[in-house]
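Observations on chain architecture
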Amino acid sequence: MNFNYNNFISEIHKDFAEDFHQSEIKSLLDLGTELDKDTPLSTGKRLEVNYIAFSGKKVTEEKQEYSDQLINYSQEIYSGVNMWIADNLRGKSSIFKIIKFGLTGDDSLKPNISKWLQHILLVFSINEKKYSVYINKEKKPIQASFYNKEIRIYPADDEHLDDRLFLATSKDELQRQLKDFFFHQFDYYSLRWTQKSPVKESDDLIEAGASWLTYFKSIFLESKDTNELMYGAQGTKVFQMLLGLYLTSSINKLTVGKDKLLHQKGKQQSFLSRESTEKQSKKTELQRELTDLDQQLEELAIAEKQTSNVNALVLEYEGLVKDIDEENTKRVAVNNSLQEARKNKDIIDRRKQFIDDEIRRLRKEAIKTEKQYSDVKEYLEIGVFFSNLEVKTCPSCSHPVSKDKKTKAASAHTCALCTDDISKDEPEVDTGNLESKLVELEKLKESLENGIGELESEYLMVQSKSVEYYNDIIKREQQYGGLRDVKEINSRLNELQNAISEERKKFASSNETKTEMLNKKAVLNFRISQLNEEPEPIGDQKIEKKIQLFTKAIASLNKIRYDEGQTVLRKLADLMTAEAQSLGLRITEININDRFDIKYKQDGDFLSFSEIAEGEQLRAKLAFYLSLIQLDIEYNYGRHSRFLMIDSPGKEEGDKNYLEGLSRLIKELESRFGDSLQILIGTAERSLENTVKNQNVFPAQSFVF
């Protein structure tokens, strides 16, 4: 095939030049060695089973006639068609499953058979080269040896070591070694596909590949699969591998790559959807918190209005304080004036007292002066005559000599004692000084009297002033007593102060709560605004373009493969039509499209395999696989091993036409391709006896082994 990879990339690039550089497309669509894996030309190799032997001791749950029977089965198998004819459930299928076990390592035997089977020896050939597989089930879990030659006796462990290609001690190892061997022999490779990870709760996509066991389904046609042309979801991959059309591996690689991109896109969308859902859920939760918070703020505002009554208390408090200040001002003023009045009265009273004392003193002084004046005057008048004699009583009669007597005597110029005329007598004492003294006393007395008079006048004035001050004090005291009692005001002030303090405490607490709530509201609004923002792009932003790129590339390669494979597909379709008709089917044409869907034209309509009548499906299926083998034999196309095991081909479709057609087909295959293929048929249909020379016919109700 002349396929130019660089031209292919260039053509793809034309449609994606805006999104990808050509080198980027080359990297994404790198096919590596995939381009060299396929060729529709046959390898020319055929698989042929030559000999089978197995042994063991039958073990059954219930006592049967064959219980504990030693089984030592061996059978030569020849090229061409080999047939086992026995009743159903007599061991035909087990023969095929034992062969499958030897060729694939997969033990699909029923447990009641597998558990007593001890030794399996299978000889097969690829072209003329003989190989032997010996499975010793007495070795646990298993021991299998693969020899590069034909061996007809169960080998001991130390036998044929030089010809032993491998030794497997587990079924997995045996399957792996057989896969490598047959993949190499028939130029198979593992077509890949993707599937969900079996790990629970994992959404990862894992890559799986076809095994030799997968491809063996095109060899062993079991009766239970008669309603399917190709087995399971991977049937078309087995078909593609058997055809070996160019670009099959390349298309498979790009298909797997596209599946991974689709899965990645799905995960991205799932993540975005999940993130969007989580954001919406979070946003709803935050908005609910915000709504609750707004309601709490409204309730708080109502409470604040109620708390605002403190303003009335404050106003009353301030008014009372003002009243107290005014009252105190009045009280101080009245008290000051009262104290001033009392001070003035005290001063005036002390002056009054001083004047009174002074008057008393002056009066005493005046009395004293008056007495002195009287004494001096008396002395001047009478005393000078009695200066040397102080006579108190008359010596003669002892009558008192009173002052009055003396004054009278002096006025009469007689002696108070003897009554003698003393007008002519001269006093012995100098009276000049006394007279001066008397003048002075006179003046003093006058001065004192004047002083007393002045003081008495002042006293009257002071006394009047004192009364005035007293009245003033009484007035002030009455004013003071009439002032407002501030005790009640102070008591009310204390009550108001306590009430205001309590209200302010409540308000302070409310205010702190309100601040916290407003801060929280701001945070909630910020977080909601963040959730409203468009999400940042995540993942591969070009993934949709890459998927389109892969889709375009796969479609292009599919078209190339389909166009290039028309020769092979047309020949296969013609062979299938001929084989179907030989089996009695009313099929006039078969088409195979680029997706390897097979359509059967019947009565003018193209039908899928599942749309064919159930009674015809097995024949269509046989026609398909026989045609694949003929394609190899007659045209040297394809990779089928030319080996088939058909279990109960007449089990479901035992009508006369079918059996006649099947018999003719078997004979024709035997005649035409007896040396080029091998078909093993197990059937209960005894009408097929003697159809081929290599038959093993077992009597009715007898076991194959």
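Note: the structure precedes this text.
About the cut-offs
- Residues numbered from 1 in each chain as written.
- Predicted model: local features only at pLDDT ≥ 70, side-chain atom pairs only at ≥ 80, totals over all residues.
- Heavy atoms only, no water.
- Phe/Tyr/Trp six-rings, centres within 6.5 Å; stacked < 30°, edge-to-face > 60°.
- Helix = DSSP H or I, 4+ residues; strand = E, 2+ residues; numbered from the N terminus.
- Buried < 20%, exposed > 50% of the residue type's maximum accessible area, 1.4 Å probe, protein only.
- Pairing = 2+ DSSP bridges.
- Contact = heavy atoms within 4.5 Å.
- Axes fitted to C-alpha atoms, helices over the stretch in contact; angles between N-to-C directions.
- Parallel < 35°, antiparallel > 145°, perpendicular 65-115°, else oblique.
- Left-handed = near helix turned anticlockwise from the far one by under 90°.
- Nonpolar A, V, L, I, M, F, W, Y, C, P; charged D, E, K, R; others polar.
- Expected span 1.5 Å × (residues − 1).

1. With respect to the packing of aromatic side chains
Evaluation of the coordinates by the stated rule reveals 29 aromatic pairs. Plain terms: the ring middles of Trp84 and Phe96 are 5.7 Å apart, the flat faces sit at 90° to each other, and that makes the pair edge-to-face. Of this pair, Trp84 sits in strand 3 (residues 80-85) while Phe96 sits in helix 3 (residues 92-104), placing them 12 residues apart in sequence. A ring pair is formed by Phe124 and Tyr131, whose centres lie 5.5 Å apart and whose planes are at 25°; its orientation type is stacked. Note on Tyr131: relative accessible area 8%, which makes it buried.

2. Some remarks on the sheet that holds strand 14 (residues 643-647)
Strand order in the open sheet made by the 5 strands is 10-14-15-3-16, with parallel pairing throughout. Each end of this open sheet is capped by a strand with a single partner; those strands are strand 10 (220-221) and strand 16 (694-697). As defined by bridge partners, strand 3 adjoins strand 16 across 4 bridges and the pair is classed as parallel. When the sheet's bridge partners are listed, Met83 is paired in strand 16 with Gln695. Running at roughly 145° to strand 14, helix 3 makes contact with strand 3, strand 10, strand 14 and strand 15 (678-683) of the sheet. Each of strand 3 and strand 15 touches helix 16 (residues 656-673); the most contacted strand, strand 3, lies at about 140° to it.

3. Re the sheet that holds strand 13 (residues 605-607)
Read across the sheet, 3 strands follow the order 11-12-13 without closing on themselves; strand pairing throughout is antiparallel. The sheet terminates laterally at strand 11 (589-592) and strand 13, the two strands that pair on one side only. Strand-to-strand twist of the sheet, defined as the mean angle between neighbouring strand axes without regard to direction, takes the value 30°. Of the pairings in the sheet, the one linking strand 11 to strand 12 (residues 598-602) comprises 4 bridges and is antiparallel in character. The residue of strand 12 that forms the bridge with Ile590 is Tyr600.

4. Some remarks on the packing of helix 1 (residues 5-16) against helix 13 (residues 543-564)
Where helix 1 meets helix 13, the axes come as close as 11 Å, and the angle between the chain directions of the two elements is 140°. In terms of orientation, helix 1 lies oblique with respect to helix 13. Crossing of helix 1 over helix 13 shows right-handed handedness. Facing Phe8, Ile12, Asp15 and Phe16 of helix 1, the residues of helix 13 in contact are Lys545, Gln548, Leu549, Lys552, Ala553, Ser556 and Leu557. Split into classes, the residues belonging to the contact of helix 1 with helix 13 amount to 6 nonpolar, 2 polar and 3 charged.

5. A few points about helix 11 (residues 432-481)
The end-to-end C-alpha separation of helix 11 is 71 Å, in line with the 74 Å expected for 50 residues at 1.5 Å each. For helix 11, every residue scored as buried is listed here: Leu438, Leu441, Lys445, Leu448, Gly451, Ile452, Leu455, Tyr459, Val462, Ser466, Tyr469 and Ile473. Residues of helix 11 that are buried sit in contact with helix 9 (310-381).

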